[in-house]
Amino acid sequence: KQWYQRRVAITAGGGDDGKVKVWSTETGFCYVTFNEHTAGVTDVHFRKTGNVALSASLDGTVRAFDLYRYRNFRTMTCPTPVQFSCVSCDASGEIVAAGTTDTFQVCTWNMQTGRLLELLSGHEGPVTSLVFTQGMLVSSSWDKTARIWDTFQRKGTTDKLTLSSDCTAVVSRPDGAQIAVATLNSEITFYDLKLSTRVGTIEGHNDLWGGRSKYDLISAAAQKRNRCFTSLSYSADGAVILAGGRSKYICIYNVDQTVLIKRFEVSRNLSYDAMLQFLHSDNYTDQGALDLMDTDAYEHGDELPLPGVTKGDFSKRRINPQINVHSVQFCPTGTSWSAATTEGLLTFSLDNTLTFDPIDLDTDVTPQHMRAAVQGDELLKAVVISLRLNTATYVREVLEAIKPDQIHYIVLALPLHHVIALLSFIVELLSSSNHLHFYTLWVSGILTTHGPALKKSSSQTMSTLNGLISGLTAQTRTLSTLCDSNQYFLDVILTLGKLENDGKENCGEIEVF
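Definitions and limits used
Residues numbered from 1 in each chain as written. Predicted model: local features only at pLDDT ≥ 70, side-chain atom pairs only at ≥ 80, totals over all residues. Heavy atoms only, no water. Helix = DSSP H or I, 4+ residues; strand = E, 2+ residues; numbered from the N terminus. Areas by Shrake-Rupley, 256 points an atom, 1.4 Å probe, with all protein chains shown as cover. Pairing = 2+ DSSP bridges. Axes fitted to C-alpha atoms, helices over the stretch in contact; angles between N-to-C directions. Core = buried A, V, L, I, M, F, W, Y, C linked by side-chain atoms within 4.5 Å. Buried < 20%, exposed > 50% of the residue type's maximum accessible area, 1.4 Å probe, protein only. Contact = heavy atoms within 4.5 Å. Patch = residues over 30% accessible without salt bridge, like charges linked within 9 Å, V, L, I, M, F, W, Y side chains within 5 Å. Salt bridge = Lys/Arg side-chain N within 4 Å of Asp/Glu carboxyl O. Arc of directions from axis to C-beta. Parallel < 35°, antiparallel > 145°, perpendicular 65-115°, else oblique. Nonpolar A, V, L, I, M, F, W, Y, C, P; charged D, E, K, R; others polar.

Below, the discussion takes up the overall build of the protein chain. Helix and strand counts for the protein chain come out as 10 helices and 29 strands. Here the protein chain displays about 27300 Å² of accessible surface, and carbon together with sulfur accounts for 53% of that area.

Written out as structure tokens, the structure reads:
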């Protein structure tokens with residue numbers, strides 16, 4: 001399992017070895033490992049503030065890890081031994097919820113004290129996923145239902161959504177108005193949370209199909225029914241949803257139109273099982289598949305191992321792991337996403353700098369006209385042309401030709417759709433340009449002038465604003481470290497200068513007398 005932190009470019013994940021690891025998505029290195037769990041980790045979740053990571057495990061504990069001091073500061077358990085399958089945290093970060101696989105309950109704790117608040121009963125199967133949204137808790141289970149709980153008023157379950165098959169995952173849209181539920185029959189069902197009505201369904205049988213295992217004893221057509229989604233994630237604007245599961249493919253769907261946008265293949269390594277599209281009929285005999293027969297014992301004169309015996313030659317890999325996608329998660333900025341697979345933790349990024357995608361292009365929208373507008377002091381026209389060219393190089397050239405006292409008038413005259421595009425370019429330039437104060441003036445002018453309008457169109461600007469927060473936080477961290485270091489150097493230089501001046505005055509007095 002893995003999860004993105006909102007403010008810093010890091011990813012956390014847990015595995016069957018009981019360890020929780022934290023990676024930097026910029027470098028790809030793991031810089032901290034927590035090994036307090038004694039059994040496999042089933043789910044990982046970040047607190048909204050970004051300084052705490054929560055993990056659920058089969059050892060019957062939910063642990064909270066401090067990402068500043070790198071320690072396990074809270075351990076939450078139940079009165080009776082249980083195995084946890086999922087964990088989630090509310091927006092305030094004070095309520096923690098975890099679902100169980102054996103008692104079919106949802107446990108809630110207080111984060112500050114670690115005290116057990118309530119045991120929510122009602123499911124008749126293992127709880128597979130949890131999500132907090134609009135002050136409510138939504139849970140999915142193998143009993144073909146998704147339940148909505150009012151945890152703050154303690155009214156128990158307020159609504160029950162009945163699905164066509166066992167539920168494997170549930171996720172909420174960032175604005176909290178919609179939830180998506182994945183089921184065992186390869187379907188993703190969308191519900192309006194306020195009305196509890198179904199608003200759309202995606203059938204993913206054909207999208208997930210591909211790759212047959214050597215252990216399959218059924219036909220390829222029947223194999224489609226064994227594929228399903230086990231993890232879902234909305235994008236920052238809620239327009240698309242990311243889905244992965246028991247397949248080598250990860251699918252991205254448009255939510256409104258419920259159509260497939262793109263399908264990613266996570267690996268082409270044939271050493272994994274379920275990679276081949278078709279199985280060769282010559283490899284099958286009356287006794288079964290040749291790959292499942294142990295022929296090494298006959299070649300070396302040894303006896304065949306008994307069924308169920310796992311000890312033997314550990315230097316040989318007898319069973320190839322089957323390729324699967326265990327978890328998927330969008331980055332809060334919407335520019336990248338990660339997937340925890342059999343191949344490893346994979347990160348896919350959207351590189352906007354390599355794409356030339358102009359908008360409203362006509363004969364007057366050219367770099368020559370843009371530079372002519374700058375030379376003729378038609379700065380607003382030059383900014384609009386650079387934004388219509390949709391190239392970061394041209395936007396940077398025009399912006400840096402504008403004086404700081406002219407920024408307010410340019411921003412005031414720009415239309416809202418150009419303001420959103422300009423803000424996205426400034427987010428990129430904050431991390432690459434040396435003119436940090438200049439671009440913060442642009443950000444201040446945009447937010448001051450168009451703040452209410454940007455708030456109304458939050459669904460379109462959410463990823464840009466999240467990127468802006470991340471960029472400013474990174475620059476603040478870098479500058480604060482540099483300023484703290486320079487402060488001591490300046491104190492030393494001033495002290496040495498003062499001592500040198502005092503020495504010269506003393507020498508001058510000695511010469512006079």
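That covers the picture; the talk isn't over yet.
To continue, consider the sheet that holds strand β24 (residues 259-265). Taken together, the 4 strands give an open sheet; going across it, the order is β21-β22-β23-β24, and neighbouring strands pair in antiparallel fashion. Each end of this open sheet is capped by a strand with a single partner; those strands are β21 (229-234) and β24. On average, each strand axis in the sheet is inclined to that of its neighbour by 25°, with strand direction left out of account. The pairing of strand β22 (residues 240-245) with strand β23 (residues 249-254) spans 5 bridges and is antiparallel. The residue bridging Val240 from the neighbouring strand is Asn254, located in β23.

Right, let's get into the nonpolar core. Counting 35 residues, the largest nonpolar core has Leu399, Leu422, Ile426, Tyr439, Trp442 and Ile446 as its most contacted members. Only α4 (367-375), α5 (379-389), α6 (392-399), α7 (407-413), α8 (416-432) and α9 (436-456) provide two or more residues apiece to this core. Considering each element in turn, this core owes the most residues, 9 residues, to α8. Setting aside its immediate chain neighbours within four residues, Leu399 contacts Leu422, Ile426, Leu429, Phe438, Tyr439 and Trp442.

This next bit is on the pairing of strand β19 (residues 187-192). Buried residues dominate β19, accounting for 5 of its 6 residues. Here 5 bridges tie strand β18 (residues 178-183) to β19, and the two strands are oriented antiparallel to one another. Residue Ile179 lies in a different strand from β19, and its bridge partner there is Tyr191. Between β18 and the antiparallel strand that follows it, β19, lie 3 residues; Ser186 among them carries a positive phi value of about 65°.

This part takes up a nonpolar patch on the surface. Taken together, Val492, Leu496 and Leu499 make up a surface patch of nonpolar side chains, about 300 Å² in accessible area. Relative to the elements of secondary structure, Leu496 occurs in helix α10 (residues 458-512).

A few words on α6. For α6, every residue scored as buried is listed here: Val395, Val398 and Leu399. For α6, the angular spread of buried residues about the axis comes to 95°, placing them on one side. In the core, the buried residues of α6 are packed alongside α4, α5, α8 and α9.

This part takes up the packing of α6 against α8. Packing of α6 against α8 leaves a shortest axis separation of 10 Å and a crossing angle of 85°. In terms of orientation, α6 lies roughly perpendicular with respect to α8. Judged by residue contacts, Ala392, Val395, Arg396 and Leu399 of α6 engage Leu422, Phe425, Ile426, Glu428, Leu429 and Ser432 from α8. Split into classes, the residues belonging to the contact of α6 with α8 amount to 7 nonpolar, 1 polar and 2 charged.

Let us now look at the pairing of strand β14 (residues 136-141). A large share of β14 lies buried, amounting to 6 of its 6 residues. Judged by which residues are buried, β14 turns out to be covered on both faces: Met136, Val138 and Ser140 on one side and Leu137, Ser139 and Ser141 on the other are all buried. Pairing of strand β13 (residues 127-133) with β14, which is carried by 6 bridges, proceeds in the antiparallel orientation. Counted as the bridge partner of Phe132 is Leu137 from β14. Count of turn residues in the β13/β14 antiparallel hairpin: 2 residues, of which Gln134 carries a positive phi of about 50°.

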